[in-house]
Amino acid sequence: METKQNTCVFASVKQFITTENNGNLLIQCGLALFTIYILYKFFIGGRKNLPCRPVRDIGVSPASLGTGPKIDCVNPATGKSMGIVNALKPEEVKKCLAEAKIAQAEWATTSFDERRQVLQDFIDMFIANENEIVESSMKDTGKTRFEAMFGEILTSCEKLRYLIKHGEDALKPQTRRVPMLMGTKSGRLEYHPMGTIGIIIPWNYPVHSIISAAAAAIFAGNAALVKVSEWSTHSKILFEHLVRQVLSKRGHNPNLIQILPGMGETGEALVRSGVDKILFIGSPGTGKRVMKAASDNLTPVILELGGKDPMIIFDDVNLDWALAIAQRGCFINLGQNCISAERVFVHEKIYDKFCKAMADKINSLTQGPPEEGHFDFGSMTMPAQVDKVESLVQSAIKEGATLLAGGKRNPKYSKGNFFMPTVLSNVTEDMTIFNEEAFGPVCTIVKFSSEQDLIRMANGTVFGLGCSILTPDLKKAERVGSKISTGMLTINDYGASYLVQDLPFGGCKESGFGRFNGPEGLRGFSREVSVLTDRFPIITPVPRLIRYPIDPAAVGIIRQAILMIYSNGLTLKLKAGLNFAGKVMKNPKLLL
Ligand SMILES: *[C@@H]1O[C@H](CO)[C@@H](O)[C@H](O)[C@H]1NC(C)=O
Ligand SMILES: *[C@@H]1O[C@H](CO)[C@@H](O)[C@H](O)[C@H]1NC(C)=O
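Residues numbered from 1 in each chain as written. Chains lettered and ligands numbered in written order. Predicted model: local features only at pLDDT ≥ 70, side-chain atom pairs only at ≥ 80, totals over all residues. Heavy atoms only, no water.

Where an unreviewed UniProt entry is consulted, the chain appears under the name Aldehyde dehydrogenase domain-containing protein, with the organism given as Polysphondylium violaceum.

On to the nonpolar core. Among the nonpolar cores identified, the biggest contains 141 residues, and Phe122, Phe126, Ile312, Ile313 and Phe354 are the most heavily contacted of them. In contact with Ile312, not counting residues within four places along its chain, are Phe345, Phe448, Leu454, Ala458, Cys467, Ser468, Ile469, Leu470, Val480 and Ile484. In terms of nonpolar packing, the next biggest core, distinct from the first, is built from seven residues, Leu545, Ala554, Ile557 and Phe580 among them. (Core = buried A, V, L, I, M, F, W, Y, C linked by side-chain atoms within 4.5 Å. Buried < 20%, exposed > 50% of the residue type's maximum accessible area, 1.4 Å probe, protein only. Contact = heavy atoms within 4.5 Å.)

Bringing the UniProt feature "domain: Aldehyde dehydrogenase" (unreviewed entry) in the chain into the picture now. Per the UniProt annotation, the sites labelled "domain: Aldehyde dehydrogenase" (unreviewed entry) are residues 69-527. For residues 69-527, the end-to-end C-alpha separation is 36 Å, with 42% helix and 19% strand making up the annotated structure. (UniProt positions renumbered as here; feature names shortened; annotations may be inferred. Helix = DSSP H or I, 4+ residues; strand = E, 2+ residues; numbered from the N terminus.)

To continue, consider the packing of helix H15 (residues 451-458) against helix H16 (residues 474-481). Their axes nearest at 10 Å, the elements H15 and H16 cross at an angle of 50°. Between H15 and H16, the angle falls in the class oblique. Between H15 and H16, the residues in contact are Glu451, Leu454 and Ile455 and Lys476, Arg479 and Val480, respectively. Of the residues belonging to the contact of H15 with H16, the class tally is three nonpolar, no polar and three charged. (Axes fitted to C-alpha atoms, helices over the stretch in contact; angles between N-to-C directions. Parallel < 35°, antiparallel > 145°, perpendicular 65-115°, else oblique. Nonpolar A, V, L, I, M, F, W, Y, C, P; charged D, E, K, R; others polar.)

Further remarks concern the pairing of strand S8 (residues 277-281). Among the five residues of S8, five are classified as buried, and the element is accordingly described as predominantly covered. Judged from the four bridges that link them, strand S5 (residues 196-200) and S8 form a sheet pairing that is parallel. Note that in S8 the partner of Ile200 across the bridge is Phe280. Relative to strand S9 (residues 301-304), S8 is paired through four bridges, and the arrangement is parallel. The residue of S9 that forms the bridge with Leu279 is Ile302. A crossover connection joins S8 to the parallel S9 through helix H10 (residues 284-295); in handedness this β-α-β unit is right-handed. (Pairing = 2+ DSSP bridges. Right-handed = clockwise from strand over helix to strand, strands pointing away.)

A separate point is the site of ligand 2. Taken together, the neighbourhood of ligand 2 is formed by Asn459, Lys483, Ser485 and Lys509. In this structure, Lys509 approaches ligand 2 through a side-chain N or O atom, which is 3.0 Å from an oxygen atom. Residue classes in the shell around ligand 2 are distributed as no nonpolar, two polar and two charged. (Near = heavy atom within 4 Å. Polar contact = N/O pair within 3.5 Å; in protein donor to acceptor, adjacent residues only side chain to side chain.)

Let us now look at the layout of surface pockets. In this structure, the second largest pocket encloses a volume near 730 Å³. Residue lining of the second largest pocket: 21 residues in total, with Leu181, Met182, Pro543, Leu545 and Leu591 positioned closest to the centre. Looking at the lining of the second largest pocket element by element, the count peaks at seven residues for helix H18 (residues 554-566). (1 Å grid on protein atoms, 1.4 Å probe; cavity = no way out; pocket = protein on both sides within 12 Å on 5 of 7 lines; lining within 4 Å. Points joined across faces, edges and corners; volume = space filled by probe spheres on them.)

What follows deals with the site of ligand 1. The full set of residues close to ligand 1 is Tyr351, Asp352, Cys355, Thr402, Ser425 and Asn426. At 2.7 Å, a side-chain N or O of Ser425 approaches an oxygen atom of ligand 1. For ligand 1, the protein covers 44% of the area, taking 360 Å² as the surface of the free molecule. Sorting the residues of the shell around ligand 1 by element identifies helix H12 (348-363) and strand S13 (422-427) as the ones contributing at least two each. Its residues assigned to classes, the shell around ligand 1 comprises two nonpolar, three polar and one charged. (Areas by Shrake-Rupley, 256 points an atom, 1.4 Å probe, with all protein chains shown as cover.)

If you want it as structure tokens, here you go:
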């Protein structure tokens, strides 16, 4: 009866489809359904798992209640004070951590969909408040509007976009292989939140450095305590407010991300507070102290320290193109950048021409207070760094370098940290400036002739952060690049890997270890859990062989099993297999 009915239905469906008009109708219906499906996926599909949380009170950040030493927030381009922020005392840092722990316990239960929603809100926040954020960073650091737009807004949006799009992939459990002996089991690696991540950032990107590290930390399910530098503290007031607004509006605890003002003492208190991991970005000297302090609690650390990055320019390049890249490499953010091109190696054939063109260009550019007009360069941020750059340049000249541009504080501005963009040629590997990080607007140009000398010199510092090589001969670039100890190699560009967020960022040697950005960065903020479980819904029996009391025959059986599995060569394996079978047959009960 049923079969008959089915045949009947099939026949009528077939007839329906083959009738021409109905066929068109079917295509139209199909298209309509497909459109509805796409619209559903686009507008509703991704959001279906989101619980609606009631809006929370934005409250007051525990990190803004410091009663420690006063930090005078000075605009480094004008010398004017923007106000006082109190540093956090060590016991106040502990309070921040206690609140972060409460926030994290709740946050760890959120889905990736909810975390993506918050990150998307952060992107919207950057776009809606772009002007305020840019100006805040300009006032804090003395950088130009262009640098702030590029280094604070664009990079932050790209970081967030990357996490939204690919973050979950990096944190998905990974299946791991099991050996034949454990064939009934299955293995996987899971990434769990660690708890609270302590992050210490420098002053060169006071907004981006906060969100870059904090967004990755919270996406992996953690809370973030970010200690900002006393040399660029002012941006934290605006930025912490914006971040708390996003979190509380979505019904999350706003203490999930706290921005801690303070000096070295506050940083040390954070390292010793019992956070679950430390990310330190700063100088090798402080990095060593961080690692020592972290060892008290065995807190793991990621260290992103300085660099003395080589940029290598071969004689087969287009000179104008290479100059443009080298200029950005040396003077981006006025050289206050860990991946600045601190040593430019130029082939002897084009050396003189290159040096002259570099000097002519730099001498033609403008410098001034960014809020007073459009300039190519603003001021430096930290007064002591100006002293350091000045002394490095002076010693280079004494040691025989040729000064082609700048070389001193800008005489037009008595106030503010204006050191002029500087070009030095005839720099050699024995000079102080060749070996010590300048972290300022200095382009030092070194001549090379043979590849061998070049590799020795380029590789010849204690640092190993980045390296860039300019040449149309990609084979040559790879060959030379592979011989230089570096964390990041960029061919025919400078520092561009930072905008490719899937590539981890970090160095070797005294430039530090551990990575941020990319899947490695997210996993670095995760507790890895190796899980071994049953592959099938059958509990694997424990062979009598390994049950107590141990049977004396067990030794021989295991020995033959080892030879059978691990011997090199088929005959050896076969022989061991036969022996194994013989021994098992004598004691069959031992395998069951
Ligand atoms: C290097 O130094 C020599 C000797 O002082 C000088 O003649 C030459 O112009 C310098 N080269 C460049 C590119 O500045
Ligand atoms: C580069 O420097 C590192 C250590 O600083 C050294 O181990 C390595 O051998 C050097 N590479 C070459 C090609 O000399």
